Amino acid sequence: MKQILLITDGCSNVGMSPVVAAAHAKSEGISVNVIGVVDQGELGEYGSAEIHEIARAGGGLSRLVQTKELAQTVQMMTRKTVVQTIQIAVQKELQHVLGNHSIEALAPEKRSEVVRVMDELTETTELQVALLIDASASMRPKLASVEEAIYDLMLSLQAREGKSEIAVLHFPGAKHQEDCVVDLQWTTHLKGMQSIFPKLHMSGTTPTGPALMKAVEFYTEQRAKAPYDRTEMDGIMGDDAI
């Protein structure tokens, strides 16, 4: 299960539309979740609308939070997206079995079994999270909270039963016309975390759309080099569960 988790505090102002980029990610099987990190009065109506539109186009979730809530929100959204994706897959599979009937049409013991399987899949499904961090100039005061959020997310993913990997990217890069930089390749460990933030170059531009495209490309390149052994969602509900 693949997802991009975009952490930003403002409106995109360089390059292609991030909404179009998010839709492209969804077409590649990658959901896009967006957390808008705000302080009182900082994010205007346009910025808030863009954050929600990016997530909607990317088939993910969006949330506006205060800086102090970031770490908890990152974990919550990651887990909620996993649960939501599994629920959709299970419901789709149930439709093949039940036709137009809902899950309530099942006998109580069968409903309980479906819930049990969904809970189990939430913990065991293989997961990849690409954290995409807005490193524009206005994010500088919030980087400590972002670093804490990534550390807590790593601990949370390590506690899952299924294989969980995380990668970290930030935008924009230090070089001219460098829209996005990979800071941490796919890993299941905390090693290398401390080296990310001291080298970040804070810039005034916010190329969110191009950065999302880079994150999708990052997934694609990895798949080409070594296909990820992900759990297929189709057919996850067998006869024993229904």
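Residues numbered from 1 in each chain as written. Predicted model: local features only at pLDDT ≥ 70, side-chain atom pairs only at ≥ 80, totals over all residues. Heavy atoms only, no water.

K.L.:
Outline the side chain of Asn-33, supporting the account with residue identities and numerical values.
P.N.:
Checked against the element boundaries, Asn-33 lands in strand β2 (residues 30-38). Here Asn-33 falls in the buried class, since its relative accessible area comes to 0%. Of note is the side chain of Asn-33, whose polar atom sits 3.2 Å from the side chain of Thr-81. With residues up to four places along the chain from it excluded, the contact list for Asn-33 reads Gln-3, Ile-4, Leu-5, Leu-6, Gly-60, Leu-61, Met-77 and Thr-81. (Helix = DSSP H or I, 4+ residues; strand = E, 2+ residues; numbered from the N terminus. Buried < 20%, exposed > 50% of the residue type's maximum accessible area, 1.4 Å probe, protein only. Polar contact = N/O pair within 3.5 Å; in protein donor to acceptor, adjacent residues only side chain to side chain. Contact = heavy atoms within 4.5 Å.)

K.L.:
Residue-level account of the nonpolar core, with values.
P.N.:
By size, the foremost hydrophobic cluster in this structure holds 41 residues, and its most contacted members are Ile-7, Ile-35, Leu-70, Val-74, Val-146, Ile-150 and Phe-197. Broken down by secondary-structure element, the contributors of at least two residues to this core are β1 (2-8), β2, α3 (70-98), α4 (108-124), β4 (127-134), α5 (143-158) and β5 (164-171). Beyond its immediate stretch of four places on either side in the chain, Ile-7 contacts Ile-35, Val-37, Leu-70, Val-74, Leu-131, Leu-132, Ile-133, Asp-134, Met-139 and Val-146. In terms of nonpolar packing, the next biggest core, distinct from the first, is built from 25 residues, Ile-30, Ala-130, Phe-171 and Leu-212 among them. (Core = buried A, V, L, I, M, F, W, Y, C linked by side-chain atoms within 4.5 Å.)

K.L.:
Account for unusual backbone geometry, naming residues and giving values.
P.N.:
The step from Phe-171 to Pro-172 runs through a cis peptide bond, and the omega angle for that step is -5°. When you line up the elements, Pro-172 lands in the loop between β5 and β6 (181-187).

K.L.:
Give me the sheet that holds strand β3 (residues 62-66): which residues, what numbers.
P.N.:
Taken in spatial order, the six strands make up an open sheet running β3-β2-β1-β4-β5-β6, and their pairing is mixed. The open sheet terminates on both sides in strands that have one partner only, identified here as β3 and β6. Ignoring strand direction, the axes of neighbouring strands in this sheet form an average angle of 15°. As paired elements, β1 and β4 share six bridges and run parallel to each other. Across the sheet, the residue bridging to Ile-7 is Ile-133, located in β4. (Pairing = 2+ DSSP bridges. Axes fitted to C-alpha atoms, helices over the stretch in contact; angles between N-to-C directions.)

K.L.:
Tell me about the packing of aromatic side chains, residues and numbers included.
P.N.:
Here the structure, examined in full by the defined rule, presents two aromatic pairs. Seen from their ring centres, Trp-186 and Phe-218 are 5.5 Å apart, and the 25° between their planes marks the pair as stacked. Of this pair, Trp-186 sits in strand β6 while Phe-218 sits in helix α6 (residues 208-225), placing them 32 residues apart in sequence. Its relative accessible area of 7% is what places Phe-218 among the buried residues. Each ring, one from Trp-186 and one from Tyr-219, has its centre 5.1 Å from the other, and the planes form 50°; the classification is tilted. One end of the pair, Trp-186, is in strand β6; the other, Tyr-219, is in helix α6, and 33 residues separate them in sequence. As far as burial versus exposure is concerned, Trp-186 and Tyr-219 are alike and both buried. (Phe/Tyr/Trp six-rings, centres within 6.5 Å; stacked < 30°, edge-to-face > 60°.)

K.L.:
Describe in detail the packing of helix α1 (residues 18-27) against helix α2 (residues 45-57), supporting the description with residues and values.
P.N.:
The geometry of a pair of packed helices is captured by two quantities: the angle between their axes and the separation between those axes. Following both chains from N to C, one finds α1 and α2 inclined at 20°, their axes separated by 7 Å at the closest point. Viewed along their axes, α1 and α2 adopt a mutual orientation that is roughly parallel. For the pair α1 and α2, the sense of crossing is right-handed. Every residue of α2 that contacts α1 at Pro-18, Val-19, Ala-22, Ala-23 and Lys-26 is listed here: Glu-50, Glu-53, Ile-54 and Ala-57. Across the contact of α1 with α2, the residue classes tally to six nonpolar, no polar and three charged. (Parallel < 35°, antiparallel > 145°, perpendicular 65-115°, else oblique. Left-handed = near helix turned anticlockwise from the far one by under 90°. Nonpolar A, V, L, I, M, F, W, Y, C, P; charged D, E, K, R; others polar.)

Functional significance is not addressed by these values, which are geometric in nature.
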